[in-house]
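Analysis of the macromolecular model
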Number of protein chains: 2
Amino acid sequence: MRTVQVSLAERSYRILVGGGLLSRLGKECARLKLGRRCAVVTDEKVAPLHAAAVLESLKGAGFEPLLVTVPSGETAKSLKVVAQCYDAFAKARLERKSFVVALGGGVVGDLAGFVAATYLRGVAFVQVPTTLLAQVDSSVGGKVGVNLPAGKNLVGAFHQPRLVLCDLDVLKTLPDREFRAGLGEVIKYGIIYDAPFFRRLEKSLDRILARDPAELSAVVARCCAIKADVVGQDETESGLRAVLNYGHTIGHGLEAISAYGKYLHGEAISIGQVAASHLSAALLGMPAQDVERVRELFFRAGLPVCVKLSPAQRKALFDAMRLDKKVSAGEIKFVLARAIGQVEFGQSVPDDLVNWVLDRIEG
Amino acid sequence: MRTVQVSLAERSYRILVGGGLLSRLGKECARLKLGRRCAVVTDEKVAPLHAAAVLESLKGAGFEPLLVTVPSGETAKSLKVVAQCYDAFAKARLERKSFVVALGGGVVGDLAGFVAATYLRGVAFVQVPTTLLAQVDSSVGGKVGVNLPAGKNLVGAFHQPRLVLCDLDVLKTLPDREFRAGLGEVIKYGIIYDAPFFRRLEKSLDRILARDPAELSAVVARCCAIKADVVGQDETESGLRAVLNYGHTIGHGLEAISAYGKYLHGEAISIGQVAASHLSAALLGMPAQDVERVRELFFRAGLPVCVKLSPAQRKALFDAMRLDKKVSAGEIKFVLARAIGQVEFGQSVPDDLVNWVLDRIEG
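Please read all numbers here as calculations on a predicted model, not as lab measurements.

Calculation rules
Residues numbered from 1 in each chain as written. Chains lettered and ligands numbered in written order. Predicted model: local features only at pLDDT ≥ 70, side-chain atom pairs only at ≥ 80, totals over all residues. Helix = DSSP H or I, 4+ residues; strand = E, 2+ residues; numbered from the N terminus. Buried ≥ 20, exposed ≤ 12 C-beta atoms within 10 Å, placed from the backbone. Contact = placed C-beta atoms within 7 Å. Least-squares fit on C-alpha atoms with pLDDT ≥ 70 in both. Core = buried A, V, L, I, M, F, W, Y, C linked by C-beta atoms within 7 Å. Pairing = 2+ DSSP bridges. Axes fitted to C-alpha atoms, helices over the stretch in contact; angles between N-to-C directions. Parallel < 35°, antiparallel > 145°, perpendicular 65-115°, else oblique. Left-handed = near helix turned anticlockwise from the far one by under 90°. Nonpolar A, V, L, I, M, F, W, Y, C, P; charged D, E, K, R; others polar. Expected span 1.5 Å × (residues − 1). pLDDT = per-residue confidence, 0-100. Domains from an automatic or database assignment. Right-handed = clockwise from strand over helix to strand, strands pointing away.

**Overview of the overall build of chain A**
Of regular secondary structure, chain A possesses 13 helices and eleven strands. Principal-axis analysis of the C-alpha atoms places the extent of chain A at approximately 60 × 40 × 35 Å. Each of the 363 residues in chain A was classed as buried or not, and the buried ones make up 54%. Counted over contacts in chain A with a minimum sequence separation of 6, partners at least 24 positions apart contribute 75%.

Here it is in structure tokens:
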């Protein structure tokens, strides 16, 4: 088992990465000195696979867990489902010392984390991410929230988990498409922070795709360590943390205009990162060979690297990007790269250049 | 104008107390270095009285305010109205640097503050309380939230305002019943923290009821200073801050079982404080003459000091109290007083003693 520490003063916590961790959940929660009552929030797809093991582990450690099962998919990140969770918590008499376990992918973590952040003005929560994407990205760092009809993650909070438990065994049952989507965030860490890690991914991609346990363990732990490092320097995204949004400006826009239905998040930001790399070449002199290495690695990972939009879709994309949280004084801001491993946030990109790059990646 | 400082490190802010302050709002907001776009959240009763002055002041200082008017009354503190505010903010393209002005009583402040705490994971907000109760209590300290069908303030956050502006002129138009309800919190500060202030209230109550500007200014500023002092020592209610809940255990219960319709908050906690004082005499030896002085002052202020409950209502009251946020390990906790000016939080009270006090205050 590997341990990654997230250092945020009194909000510090540990990320555990390894096999067979679900059965350790109860024991690890007991170390946190929380109340006995807790809620396990999961979704309809994850519940049949892992809920029994999680409930058993919690009960074995003396906890009294309530199981709350929400629909699976991005549509569960809604105020309606938030209200259903509140009502279930109130009915079960959860108290200030109670805690919430998020068992699932990014959607469940974001939703359950937001409910935990706001129920009784905030109760503790524990992340048990069951997808690669959630393990390397959304479960770490305390960003929680839900979508509005107007856009993704427009409502939320910063609420750090008390523990993140990444059980690599659960990745064995992950559908291929979801596993590949997780690689969209994995590759991002190489681009924004760690050129040697990017090279490692280029070399070991086949072993990763074969879900080799040793390689996965190293990769997941390295991603968590990079994220922990960035978040430790800028918890609430006043600056540096924005680098984690590489490829997300166009990526979130694509998700919004397809009503969160067509692309998985990791797929949308794969296209977004290829686009951002072209923009980086045009504006910050990113070497052409780096742009090609980025495109190539996403392609080899089986992720989309191009998109064809109608004029109406393109207009909708610009509208969606203007509503993004990253907009400042009406201007859409991008994260761009000088080279693989070296990025700059807060970059302005004129609309005509965005149009140029959308032409460029029509495929 | 009097200034009270709330000291919370980087979340510190000023409370301004005085006449004619609405017209200074724009200038004071300009000092905070926020974005140009903002939202003024108010209710249907307050809007016709004060919205024009507030919008004019903001526009005069270069801001672009959006007016959001919600229904008046406790029912506006609902997830439904929260969602309506989010949608209005998104439609007006409010950004991370935008801010929210809460113009109204405690309901508007709690609601708008919660929306500000969660929209885009938190934007700045400014409190412009227009009731005595909001000026001395709910606008200070950062507790924001809304109600669930299951209970009051079960959803919320700690989100400190950047500025609180208590314009005493707005109290002139306050209906008598609401003004008196505000005194329910004013008197509380004397009981929990400041025996000389309690004596002052006993002497100057007639001038206060006549809304004498000089006396009101001193009283509002002293209440804010006490609250600032308590909140500065315990921002998130891990201990001391609980003393502010004197009379609130039974008070919140009474509000809940009457579906927030029969009593104003200040009225419910008036009954609750009389009850808490009787319990204090029984459990902590509060002198009988102090109990009588408490009852007498609430009575002179025109506030209710007794309540008659049917057996069914009494059972509902216990159920509501058990759902309160102050419950720990299933036990209802009270704040009790050793004497006027000296309280202890986290006191357990057996159910039969609660029944005894409910008999005692049947009137």
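**Topic: the relation of the copies chain A and chain B**
By a simple turn and slide, chain A fits onto chain B: the slide is 0.0 Å along the axis, the RMSD is 0.0 Å, and the turn is 180°. The two molecules are tied by a two-fold rotation axis, judged by turn and shift. Within chain A, the C-alpha atom positioned nearest to the axis of rotation is that of Leu79 of chain A, 4.1 Å from it. A share of 100% of interface residues in chain A that are also interface residues in chain B marks the association as one of identical surfaces.

**Quick look at the nonpolar core**
The nonpolar side chains of a soluble globular protein tend to be buried with one another. Core analysis: the biggest nonpolar cluster contains 255 residues, and Val41, Val100 and Leu111 of chain A together with Val100 of chain B have the highest contact counts within it. Ignoring any residue separated from it by four or fewer positions in sequence, one finds Val41 of chain A in contact with Val68, Val70, Cys85, Val100, Ala102, Leu103, Val108, Leu111 and Ala112 of chain A.

**Examining the sheet that holds strand β5 (residues 99–104) of chain A**
The pairing of strands in a sheet happens through backbone hydrogen bonds and is either parallel or antiparallel. Residue and element names in this part refer to chain A. Taken together, the seven strands give an open sheet; going across it, the order is β1-β2-β9-β6-β5-β3-β4, and neighbouring strands pair in mixed fashion. The sheet is open, and its two borders are formed by β1 (2–6) and β4 (64–70), each paired with just one other strand. With direction set aside, neighbouring strand axes in the sheet form an average angle of 15°. The sheet contact formed by strand β6 (residues 124–129) and strand β9 (residues 163–167) spans two bridges and is parallel. Note on β9: the bridge partner recorded for Val126 is Leu163. Helix α2 (residues 47–60) contacts β3 (37–43), β4, β5 and β6 of the sheet and is inclined by roughly 170° relative to β3.

**A few points about the interface of chain A and chain B**
Accessible area lost during the coming together of the parts is what is often quoted as the interface size. Contacts between the two partners involve 28 residues from chain A, matched on the other side by 28 residues from chain B. Those elements giving two or more residues to the side of chain A that touches chain B turn out to be α3 (79–91), β7 (143–148) and β8 (151–158) of chain A.

**Re the packing of α3 of chain A against helix α4 (residues 106–118) of chain A**
Residue and element names in this part refer to chain A. At their nearest, the axes of α3 and α4 sit 10 Å apart, and the two run at 55° to each other. By the angle between their directions, the pair α3 and α4 is classed as oblique. Remark: the crossing between α3 and α4 carries right-handed chirality. Where α3 approaches α4, its residues Val81, Val82, Cys85 and Tyr86 are matched on the opposing element by Leu111, Phe114 and Val115. Partitioned by chemical class, the residues of the contact of α3 with α4 number seven nonpolar, no polar and no charged.

**Here's the deal with the environment of Glu215 of chain B**
Residues and elements named next belong to chain B. With respect to the helices and strands, Glu215 occurs in helix α8 (residues 213–233). Through-space distance from the C-alpha of Glu215 to that of Ser23 is 22 Å; in sequence the pair is 192 residues apart. Setting aside residues up to four positions removed in sequence, Glu215 forms contacts with Ser204, Arg207 and Ile208.

**Observations regarding helix α6 (residues 176–193) of chain A**
In a regular helix each residue adds 1.5 Å, so 18 residues correspond to 26 Å; α6 of chain A covers 26 Å between its end C-alpha atoms and thus fits that length. Extensive coverage of α6 of chain A is indicated by the burial of 15 of its 18 residues.

**Description of the environment of Lys59 of chain B**
All names here are of chain B. Here Lys59 lies in helix α2 (residues 47–60). According to the C-beta neighbour criterion, Lys59 is exposed, with 12 such atoms within 10 Å. Each C-alpha atom, one on Lys59 and one on Ala301, is 40 Å from the other, the two residues being 242 residues apart in sequence.

**Overview of the sheet that holds strand β4 (residues 64–70) of chain B**
Residue and element names in this part refer to chain B. Spatial strand order, β1-β2-β9-β6-β5-β3-β4: seven strands in an open sheet with mixed pairing. Where the open sheet ends on each side, the last strands, each with one partner, are β1 (2–6) and β4. Neighbouring strand axes in the sheet, compared pairwise and without regard to direction, differ in orientation by 15° on average. Against the sheet, α2 makes contact with β3 (37–43), β4, β5 (99–104) and β6 (124–129), and its axis sits at roughly 170° relative to β3, the strand it touches most. Relative to β1, α8 is tilted by about 10°, and along the sheet it contacts β1, β2 (13–18) and β9 (163–167).

**Re the confidence of the model for chain A**
Predicted confidence across chain A gives a mean pLDDT of 95, with 98% of residues reaching 70 or more. Interface confidence for the predicted complex, expressed as ipTM, amounts to 0.90; the pTM equals 0.91.

**Structural notes on the domain arrangement of chain A**
Residue and element names in this part refer to chain A. Assigned domains within chain A: domain 1 (2–173) and domain 2 (176–360). Every contact between the two is made by 30 residues of domain 1 and, on the other side, 31 residues of domain 2. Put simply, the parts of the chain that give the side of domain 1 that touches domain 2 at least two residues each are β1, β2 (13–18), α5 (132–138) and β8. Looking at the side of domain 1 that touches domain 2 element by element, the count peaks at five residues for α5. Taken together, the residues that form the side of domain 1 that touches domain 2 break down as 14 nonpolar, eleven polar and five charged.

**Examining unusual backbone geometry**
Residue Lys33 of chain A is not a glycine yet carries a positive backbone phi of 60°. Locating Lys33 of chain A in the fold gives a position in the loop between α1 (25–30) and β3. Given 9 C-beta atoms within 10 Å, Lys33 of chain A falls into the exposed group. Although it is not a glycine, Arg93 of chain B sits at a positive phi angle of roughly 60°. With respect to the helices and strands, Arg93 of chain B occurs in the loop between α3 (79–91) and β5. The class of Arg93 of chain B is partly exposed, set by 14 C-beta atoms lying within 10 Å.

**Structural notes on the pairing of β3 of chain B**
All names here are of chain B. Buried residues dominate β3, accounting for six of its seven residues. Note that β3 and β4 share seven bridges and pair parallel. Across the sheet, Asp43 pairs through a bridge with Val70, a residue of β4. Regarding the hand of the β-α-β motif, the stretch spanning β3, α2 and β4 is right-handed. By the bridge criterion, four bridges tie β3 to β5 in an arrangement that is parallel. Of the residues in β5, the one forming a bridge with Val41 is Ala102.

**Quick look at the packing of helix α10 (residues 265–284) of chain A against helix α11 (residues 288–300) of chain A**
Residue and element names in this part refer to chain A. It is at 9 Å that the axes of α10 and α11 come closest, and there the two elements cross at 175°. Our classification of the angle between α10 and α11 gives roughly antiparallel. Here Ser270, Gln273, Val274, Ser277, His278 and Ala281 of α10 come into contact with α11, specifically with Ala288, Val291, Val294, Arg295 and Phe298. Grouping the constituent residues of the contact of α10 with α11 by class yields six nonpolar, four polar and one charged.

**Details of α4 of chain A**
Residue and element names in this part refer to chain A. Along its 13 residues, α4 runs 18 Å from first to last C-alpha, staying within 8% of the 18 Å computed at 1.5 Å per residue. Here α4 lies mainly inside the structure; 13 of its 13 residues are buried. Following α4 by one or two positions, Leu120 has its phi on the positive side, about 55°.

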